[in-house]
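# Notes for the structure review
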Amino acid sequence: MQLHIHKKYLLLPAFMVLILSCNRNVLDVKNLNAVEPKLTWTDPRLANAYLANLYNRIMPNGWPAASNALYGGLPVDERRGVINNTTIQTTSHPWLSSFEDSYTDIRQVNILLKEIESGTLDVTIKDKIVGQALFLRAFSYFLLVRVYGGVPLLLEPQSLTDSLSVPRAGTAEVFNAINTDLDKSIQLLQGQTFVDGDKGRIGLGAALALKGRVALYKASPLFNPSHPYDNAYWQDAYNANLTAKTQLDAMGFGLNADYAGIWSTGNEGNKEAVLTVKFTAPTKTDGRNERGARPLSQTANATGADNPVWSMVKAYTMKDGYPAGSSPKYAYSDQTFWQNRDPRFDASIVWNGSIYETGGIAGRRQYADDILATATDSYSPNPSTANWSFTGLYARKGLQPELKAAEVAQNSVDWIEIRYAEVLLNLAEAANETGHTADAVALLQQIRQRAGIEAGAGNNYGIITTNRDEVRKLIYNERFVEFIFEGQRFWDLKRSRTLLNLNGTVQQGVASTLKASNLPVDDDRKNAYGYLSEDFNYTVNTLYRTTVDNVTFTITDNEYFAPIPLAQIQKNPNLKQTQGWGDGTFNPTLE
């Protein structure tokens, strides 16, 4: 983990050329390739260009469907894909390349933090740059610690004479370093809701919210398996998230008026967006991977991303907030699984026969059966179809159906890394574990009210318990449906140490078959999208294409923490392997 000092200078011309391409007056230099690195810290434009490069390297490059597993984790009971006994190994796992890449990023942050101190930037400009850089370093270490536990802790740029053999810091030490960086960031970003009013940049709100998220992980069963809900870190999590909510409220953040509208075109940068990666057509697009998320008939040579599975469908309550099958007001049947559900279901998922006006086709319905659907969209065992509809369900959330199939790469929906709703649910979780269960319930009700769930008797939005254990389950299920496709579910199961509950379960889809009363098919009715969801029978089954997709979960306890890549240990003998992996002795928890 050594930084060759001469290499750092090579990065500067590349991003300066990028900045120059956007504004020919940005740099008043004759030869960009001749710029001395020390000049970077004397010119606000060059310093901010260096920082912009760090944003591009460290922040997610879009939604989880378009990013790597370091951000969005692995598919679990939300979307198609399983964890089995080959997913995580010392020589191959989803975070393998991210280990070394993360340290490349951290080195570049460390260079900034050291060398900016010897520059001549105005203190106001310097403080804003340093505040953002500290956030980015904290974010990088947070991403690592939730995968590995303790990792090598490098807070200074390494020189040519520094040792390559840096050992792993204890997990507590890494958390302390993250919090130190965030505390400094919060101090330096005071008064900056977003730096310079740019909603695509880090601000005070993001630093406060990330500190709350980090505290929630530190308190979690993942790091405290012997004392999952009675450790002192929960109070820290409560304090951090209460502070975040209080200050975010004062800065004007809040829940967007409606759930679906959070991602609506024209509503970018709404008051729910605390930390955003911005996308703007035609210069920066496809952060949602709409090309992969659409049915194949409506896209350009890709599909299969974010296919919801049946366990995701079951997680949604009815409109009155009661679980499906338990509502005193709304009957439930698998044959009408879409009816009278939490409105977030309709805002997030496309099912057979539902309105899905892709390409701007008014009244278009999406079919997934074996007769009305195109062969590429059909979910069936029929061997004559390619069966590209992997589950019989598709994603709606974050997509732009008005785009034609050839235009899907022009999706310009922003990625919101931190939403105000997350802050509320983080606070609810910490409140529930620190004797404030009534407050936790009130926060849940606030989320459900915005979702459009009916208030019901007593304005309880379907929540009829104040039992700590039961409220905990409600909070996790609320996160499940609120954050569908937002990369939270895997990490929630991991930090709560409930991943193993999936063992032996199989992923299921929902097959649709036209009722006999609707046969033979009327072509005029078909062409007018006249067949409704109610015109079909439904069968919940193990996913088809089992010869291609392994559909059964097989997870072991050691997989709560990924092993350090074997190649890194071979290069650095001082890196201890994690317990549970080979002869590993490193304890990744806080115990």
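Details of the structure are given in the entry above.
Residues numbered from 1 in each chain as written. Predicted model: local features only at pLDDT ≥ 70, side-chain atom pairs only at ≥ 80, totals over all residues. Heavy atoms only, no water.

### Quick word on empty space enclosed by the protein
If you walk through the whole model with that rule in mind, you get seven cavities of 30 Å³ or more. Space inside the largest cavity adds up to approximately 130 Å³. Of all the elements in the fold, those that place two or more residues in the lining of the largest cavity are α3 (69-72), α5 (123-148) and β6 (415-419). Taken together, the residues that form the lining of the largest cavity break down as seven nonpolar, five polar and four charged. Approximately 80 Å³ is the volume attributed to the second largest cavity. Contributing to the lining of the second largest cavity are Ile262, Trp263, Ser264, Asn267, Glu268, Gly269, Asn270, Ala273, Thr276, Val413, Asp414 and Ile416. Among the residues forming the lining of the second largest cavity, the class breakdown is five nonpolar, five polar and two charged. (1 Å grid on protein atoms, 1.4 Å probe; cavity = no way out; pocket = protein on both sides within 12 Å on 5 of 7 lines; lining within 4 Å. Points joined across faces, edges and corners; volume = space filled by probe spheres on them. Helix = DSSP H or I, 4+ residues; strand = E, 2+ residues; numbered from the N terminus. Nonpolar A, V, L, I, M, F, W, Y, C, P; charged D, E, K, R; others polar.)

### A few points about the packing of aromatic side chains
All chains considered together, the criterion is met by 26 aromatic pairs. Ring geometry for Phe337 and Phe345: centres 6.5 Å apart, planes at 85 degrees, overall edge-to-face. No difference in accessibility class separates Phe337 from Phe345, as the two residues are buried. Among the aromatic side chains, those forming a connected cluster through ring pairs are Trp310, Tyr316, Phe337, Trp338, Phe345, Trp351, Tyr367, Phe536 and Tyr538. When the ring centre of Tyr531 is taken as origin, the NZ or CZ atom of Arg525, which lies over that ring, is 4.0 Å away. (Phe/Tyr/Trp six-rings, centres within 6.5 Å; stacked < 30°, edge-to-face > 60°. Buried < 20%, exposed > 50% of the residue type's maximum accessible area, 1.4 Å probe, protein only. Lys NZ or Arg CZ within 6 Å of the ring centre and 35° of its normal.)

### Digging into the environment of Arg525
Mapped onto the elements, Arg525 comes out in helix α16 (residues 523-527). Residues Arg525 and Asn241 lie 284 residues apart in sequence; the distance between their C-alpha atoms is 54 Å. When residues no more than four places from it in sequence are discounted, the contact partners of Arg525 are Asn518, Gly530, Tyr531 and Asp535. One polar contact links Arg525 to Asp535, side chain to side chain, over a distance of 2.8 Å. (Contact = heavy atoms within 4.5 Å. Polar contact = N/O pair within 3.5 Å; in protein donor to acceptor, adjacent residues only side chain to side chain.)

### Brief notes about helix α12 (residues 420-432)
Over its 13 residues, α12 extends 19 Å from the first C-alpha to the last, a length consistent with the 18 Å expected when each residue adds 1.5 Å. Here α12 lies mainly inside the structure; 13 of its 13 residues are buried. (Expected span 1.5 Å × (residues − 1).)

### Brief notes about unusual backbone geometry
Most peptide bonds adopt trans geometry, and most residues besides glycine take a negative phi value. Each neighbour pair has its own omega, and for Ala281 with Pro282 the value is 5 degrees, a cis peptide bond. Within the fold, Pro282 resides in the loop between β1 (273-277) and α9 (290-293). Residues Leu519 and Pro520 are joined by a peptide bond in cis, for which omega reads -5 degrees. Take Pro520: it is sitting in the loop between β7 (508-514) and α16. The phi dihedral of Asn289 falls on the positive side, at around 55 degrees, and the residue is not glycine. In this fold, Asn289 is placed in the loop between β1 and α9. For Asn289, a relative accessible area of 16% gives the class buried. Notably, Asp306 is not glycine yet its phi reads approximately 60 degrees, a positive angle. Within the fold, Asp306 resides in the loop between α9 and α10 (310-315).

### Remarks on the nonpolar core
Trp95, Leu112, Phe135, Tyr141 and Phe337 are the most contacted members of the largest nonpolar core, which totals 149 residues. In terms of residues, this core owes the most to one element, α5, which gives 15 residues. Sequence-distant contacts of Leu112, defined by excluding residues within four places in its chain, comprise Trp41, Tyr50, Leu51, Leu54, Ile129 and Ala133. (Core = buried A, V, L, I, M, F, W, Y, C linked by side-chain atoms within 4.5 Å.)

### Details of helix α13 (residues 437-451)
Here α13 spans 21 Å end to end across 15 residues, near enough to the 21 Å set by a 1.5 Å rise per residue. Within α13, burial applies to Thr437, Ala440, Val441, Leu443, Leu444, Gln445, Ile447, Arg448, Arg450 and Ala451. Where the residues of α13 are buried, they touch α8 (233-250), α11 (343-348), β6, α12 and α14 (468-482). At the C-terminal side of α13, Gly452 shows a positive phi close to 100 degrees.

### Points about the pairing of β6
Within β6, five of the five residues are buried, which leaves it mostly tucked inside the rest of the structure. In this sheet, β6 lies alongside β1 in antiparallel orientation, the contact comprising four bridges. Directly across from Thr276, in β6, lies its bridge partner Ile416. (Pairing = 2+ DSSP bridges.)

### Quick notes on the packing of α12 against α14
Viewed as axis vectors pointing N to C, α12 and α14 meet at an angle of 165 degrees, and their least axial separation amounts to 10 Å. Between α12 and α14, the angle is such that the two are roughly antiparallel. Considering only the axes of α12 and α14, their crossing is left-handed. Contacts between α12 and α14 involve Ala421, Glu422, Leu425, Asn426, Ala428, Glu429 and Asn432 from the former and Arg468, Val471, Arg472, Ile475, Tyr476, Glu478, Arg479 and Glu482 from the latter. Tallied by class, the residues present in the contact of α12 with α14 amount to six nonpolar, two polar and seven charged. (Axes fitted to C-alpha atoms, helices over the stretch in contact; angles between N-to-C directions. Parallel < 35°, antiparallel > 145°, perpendicular 65-115°, else oblique. Left-handed = near helix turned anticlockwise from the far one by under 90°.)

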